[in-house]
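Observations on the three-dimensional arrangement
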Amino acid sequence: MKNTDIEGRAPSGRATSLKAFQAAVSLLTTDEGVTAGMALQLRPTDIVVTPFGKSGTTWLQQISHTLRTRGDMDFDDISRVVPWIESSTDLGLDLDAEQKASPRVFKSHLDAHRIPKGGRYINSCRDPKDALYSMYKFMEGWFLEPGTVSLDDFARATYITAGQAVGSQGGDYWTHLKSWWQRRDDPDVMFMAYEHMKADLNSTIRKVAAFMQIELDDELLTITEEHASLAFMQTHNDRFDDKLIRERSVEVAGLSPDSDSSKVRTGQSGEYREQLGADTSNQLDEIWYNQITRELGFEDYTSMIATLAQD
């Protein structure tokens with residue numbers, strides 16, 4: 001596809017408008033590919049890492065893969081060894097194949113009521129404003145030409161529009177959070193908060209290992225702490241930069257092959273505060289009230305995840 005095939009493209013192929021951005025992203029998967037992924041027959045021992053986008057998915061992929069392999073790094077893309085259910089068929093990966101080690105581990109961003117049934121699920125949530133800002137920075141320089149679409153406009157087209165929609169069909173932050181929160185106490189679900197993971201990686205690894213039924217000795221704990229550290233993942237950034245999806249974006253969406261799809265940034269909380277406009281922030285707070293406070297009773301995200309710490 002040539003860059004001129006979609007209106008609103010820079011010479012790099014990156015979008016300069018939200019319309020062009022959404023059109024380009026829609027080309028990454030096909031209905032047939034997604035349907036095939038959704039038909040995956042999970043085994044009772046299978047693990048699916050299920051956070052919403054930019055809420056700890058890649059981190060949990062790395063933690064779980066390290067635990068089951070004792071530190072394997074012989075891969076070019078973490079999503080080759082921990083495949084993404086929704087996109088793997090379009091990427092030419094066989095979801096039914098055996099994996100490098102047991103248990104099999106998959107990635108998904110699906111809501112709890114849409115996820116293939118029969119496996120075990122690890123979900124982490126993240127402050128919506130942090131997840132939004134992280135997604136914006138992830139897309140900027142890959143699908144979005146830097147400086148052409150503001151964070152506030154991006155927020156309105158994604159989190160705000162979805163949050164204000166009546167009768168959402170899912171696939172948005174708010175539906176995802178509510179669907180997995182309602183399953184947080186199920187025996188086949190492990191529910192964590194990104195902020196708690198960042199505050200105590202050691203405890204996070206211990207909990208994930210126990211959930212995966214992997215015996216955790218001191219050596220494996222040390223290996224996993226190292227391999228899941230920010231410094232290690234930044235050093236090996238080329239394993240965590242969506243290589244497979246980036247190559248497909250070049251092929252089907254006409255994006256530049258040298259686009260930046262790096263996922264491992266700083267992982268800091270609160271970065272959005274200096275970037276997100278006050279009106280946009282207030283709109284997100286209003287959506288939280290309508291979507292979460294009214295239905296689940298939590299005044300804000302902080303009070304919500306505080307209950308996880310008490311469990």
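So, how was this worked out
- Residues numbered from 1 in each chain as written.
- Predicted model: local features only at pLDDT ≥ 70, side-chain atom pairs only at ≥ 80, totals over all residues.
- Heavy atoms only, no water.
- Helix = DSSP H or I, 4+ residues; strand = E, 2+ residues; numbered from the N terminus.
- Rg over C-alpha atoms; globule rule 2.2 N^0.38 Å.
- Buried < 20%, exposed > 50% of the residue type's maximum accessible area, 1.4 Å probe, protein only.
- Contact = heavy atoms within 4.5 Å.
- Areas by Shrake-Rupley, 256 points an atom, 1.4 Å probe, with all protein chains shown as cover.
- Lys, Arg positive; Asp, Glu negative; His and termini not counted.
- Charge placed at Lys NZ, Arg CZ, Asp CG, Glu CD.
- Pairing = 2+ DSSP bridges.
- pLDDT = per-residue confidence, 0-100.

Some thoughts on the overall build of the protein
In terms of helices and strands, the protein carries 14 helices and 4 strands. Its C-alpha atoms give the protein a radius of gyration of 19 Å, near enough to 19 Å, the size a compact globule of 311 residues would have. Considering only C-alpha atoms, the protein reaches an extent of 55 × 45 × 35 Å along its principal axes. Counting every position in the protein, which comprises 311 residues, the buried fraction comes to 56%. The long-range fraction of contacts in the protein, counting pairs at least 24 apart against all pairs at least 6 apart in sequence, stands at 74%. Summed over all atoms, the accessible surface of the protein reaches about 13800 Å², with 48% contributed by carbon and sulfur. Mean positive and mean negative side-chain charge positions of the protein (33 and 49 charges, respectively) differ by 1 Å.

Considering the pairing of strand β3 (residues 120–125)
Counting buried positions along β3 gives 6 out of 6 residues, so the element sits mostly inside the fold. Residues Arg120, Ile122 and Ser124 line one face of β3 and the alternating positions Tyr121, Asn123 and Cys125 line the opposite face, and both faces are buried. Across 3 bridges, the pairing between strand β1 (residues 47–49) and β3 is parallel. Within β3, the position partnered with valine 48 by the bridge is tyrosine 121. One ladder, built from 5 bridges, connects β3 with strand β4 (residues 189–193); its direction is parallel. If you follow tyrosine 121 over to β4, its bridge partner there is valine 189.

Some points on the confidence of the model for the protein
Predicted coordinates in areas of low pLDDT are best not read in detail. Mean pLDDT over the protein stands at 92; residues scoring 70 or higher make up 94%. The low-confidence segment residues 1–5 (pLDDT under 50) makes 12 contacts with residues lying over four places distant or belonging to another chain.

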